[in-house]
Amino acid sequence: MDTGGYAGVGRTDPRDSLAAKIRARRLQRFLKGRRDHLSLSQEEVAERLEISGRSYGNWERGRVKEWTDHKLYSLAHALEMSEYQTDRLFRYAVDRAPQPALRAMFHRDRPTDPDTAAFLGDYGVMMDALSLPTFVIDHRWGVKMANKAYHDLFEGVRDHPTAMPADNFLRFGLFHPDAPAVLVDHLKWQLAMLAQLSSSLERHDEDTVLQAIRRDVHQHPVLRDTYLKDMPDWVLGCGADLVHHEGSLRELRHPDPRIGLQGCRLVEETPRSLQALGLMRITLVLVGPDDGCMHERRGSHCHHAA
């Protein structure tokens with residue numbers, strides 16, 4: 001006779017049931033929040049998934065008989081999720097991380113062409129061998145690839161629903177509460193990022209992701225004032241692009257105390273193969289705090305350009 005509480009056959013520990021309900025609620029908020037962030041309707045997501053709007057509505061409400069890996073990876077692709085967000089999706093839906101073997105098959109950033117996939121794989125290996133933080137972005141500043149040095153730079157950053165540095169560099173710099181701890185003299189970083197946002201919107205004015213960033217800027221009173229008042233004046237003297245003024249020196253603070261405060265230049269080094277994929281590679285070139293240009297910059301509101 002079973003006298004061990006919830007360990008017997010046919011019994012369910014109510015704590016497990018409660019944990020499952022909590023994950024289900026988090027999954028619903030996560031999916032709706034991600035869809036809203038992309039400014040997509042349920043019908044538009046359903047089109048991407050090639051299912052009916054009613055079916056996707058059931059997915060978002062958690063009315064799914066079984067969350068298969070294929071279904072979850074397809075959903076991550078449709079909602080343009082980063083690896084971090086895909087991992088969160090799996091943990092909410094099936095209480096585990098994605099399987100590495102299947103991740104490679106369904107990863108949203110992997111093209112179908114095997115030669116291109118092989119190139120990106122090799123390029124990622126090469127990036128990891130570099131000591132400087134290096135990352136690859138699309139025109140929205142969504143981070144598609146990043147090396148270990150980049151992840152080490154932001155290792156102390158807390159979770160944030162929309163502004164992680166491994167997801168979108170602009171969103172991180174503009175909205176993450178931990179950004180000022182890494183990006184020293186944060187206002188100047190934000191000015192440059194707002195100018196980059198404006199410049200990107202001029203080239204891709206109908207892009208829903210960039211529009212969503214601008215909308216979030218306007219919902220933030222301080223950023224809105226900076227974007228509408230300070231940034232246009234700043235652009236007149238400093239230029240509008242965050243990366244194509246490589247003489248510009250900013251500052252960041254590395255979490256490793258042996259590195260600490262550093263000057264930082266954003267240097268673009270994009271091979272034609274990445275350009276053909278609509279991607280750009282940026283390296284954060286770090287220089288010591290004794291660099292003479294850094295002292296000169298501190299005494300000037302705008303040294304060189306951005």
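Just so you know, these numbers come straight off a predicted model, no measurement behind them.

Conventions used here
Residues numbered from 1 in each chain as written. Predicted model: local features only at pLDDT ≥ 70, side-chain atom pairs only at ≥ 80, totals over all residues. Heavy atoms only, no water. Helix = DSSP H or I, 4+ residues; strand = E, 2+ residues; numbered from the N terminus. Buried < 20%, exposed > 50% of the residue type's maximum accessible area, 1.4 Å probe, protein only. Contact = heavy atoms within 4.5 Å. Patch = residues over 30% accessible without salt bridge, like charges linked within 9 Å, V, L, I, M, F, W, Y side chains within 5 Å. Areas by Shrake-Rupley, 256 points an atom, 1.4 Å probe, with all protein chains shown as cover. Salt bridge = Lys/Arg side-chain N within 4 Å of Asp/Glu carboxyl O. Lys, Arg positive; Asp, Glu negative; His and termini not counted. Charge placed at Lys NZ, Arg CZ, Asp CG, Glu CD. Pairing = 2+ DSSP bridges. Axes fitted to C-alpha atoms, helices over the stretch in contact; angles between N-to-C directions. Polar contact = N/O pair within 3.5 Å; in protein donor to acceptor, adjacent residues only side chain to side chain. Parallel < 35°, antiparallel > 145°, perpendicular 65-115°, else oblique. Left-handed = near helix turned anticlockwise from the far one by under 90°. Nonpolar A, V, L, I, M, F, W, Y, C, P; charged D, E, K, R; others polar.

Considering the overall build of the chain
For the chain, the count of helices and strands is 15 helices and six strands. Per-residue burial for the chain yields a buried fraction of 45% across its 306 residues. Contacts spanning at least 24 positions in sequence make up 54% of the contacts within the chain whose residues lie at least 6 apart.

Focus on a positive patch on the surface
A cluster of like positive charges, contributed by Lys21, Arg25, Arg26 and Arg29, occupies part of the molecular surface. As for its position among the elements, Arg29 is in helix α1 (residues 14–37). We classify Arg29 as exposed; its relative accessible area is 56%.

A closer look at the sheet that holds strand β1 (residues 134–137)
A sheet is described by the order of its strands in space; here six strands give the open sequence β2-β1-β6-β5-β4-β3, paired in antiparallel fashion. What marks the edges here is a single partner per strand, and that holds for β2 (143–146) and β3 (183–184). Relative to strand β6 (residues 280–287), β1 is paired through four bridges, and the arrangement is antiparallel. Opposite Thr134, over in β6, you have Thr283 as the bridge partner. Against the sheet, helix α7 (residues 114–128) touches β1, β2 and β6, its axis set at about 55° to β2.

What about the side chain of Asn147?
Relative to the helices and strands, Asn147 resides in the loop between β2 and α8 (148–153). Given a relative accessible area of 0%, Asn147 falls into the buried group. A polar atom in the side chain of Asn147 sits 3.0 Å from the backbone nitrogen of Thr134. What Asn147 contacts, discounting residues up to four positions off in sequence, is Met127, Asp128, Leu130, Leu132, Pro133 and Thr134.

Topic: the pattern of salt bridges
This model, assessed by the stated rule, comprises 17 salt bridges. Its salt-bridge partner being Glu60, residue Arg35 comes within 2.8 Å of it at the nearest N-O pair. Here Arg35 is found in helix α1, whereas its partner Glu60 is found in helix α3 (residues 53–60), with 25 residues between them in sequence. With relative accessibility at 9%, the residue Arg35 sits in the buried group. The residue Asp216 makes a salt bridge to Arg171 at a minimum N-O spacing of 2.6 Å. Taken as a pair, Asp216 in helix α12 (residues 208–218) and Arg171 in helix α9 (residues 169–175) lie far apart in primary sequence, 45 residues in all. Exposure remark for Arg171: the relative accessible area of 2% places this residue in the buried category. Shared partners join several salt bridges into a network, and the residues in it are Lys32, Arg35, Asp36 and Glu60.

Brief notes about the packing of helix α2 (residues 42–49) against helix α4 (residues 69–78)
It is at 9 Å that the axes of α2 and α4 come closest, and there the two elements cross at 120°. The angle between α2 and α4 falls in the class oblique. Seen from above, α2 lies across α4 with right-handed handedness. On α4, the residues that touch Val45, Arg48 and Leu49 of α2 are Ser74, Leu75 and Ala78. Here the residues of the contact of α2 with α4 are counted per class, giving four nonpolar, one polar and one charged.

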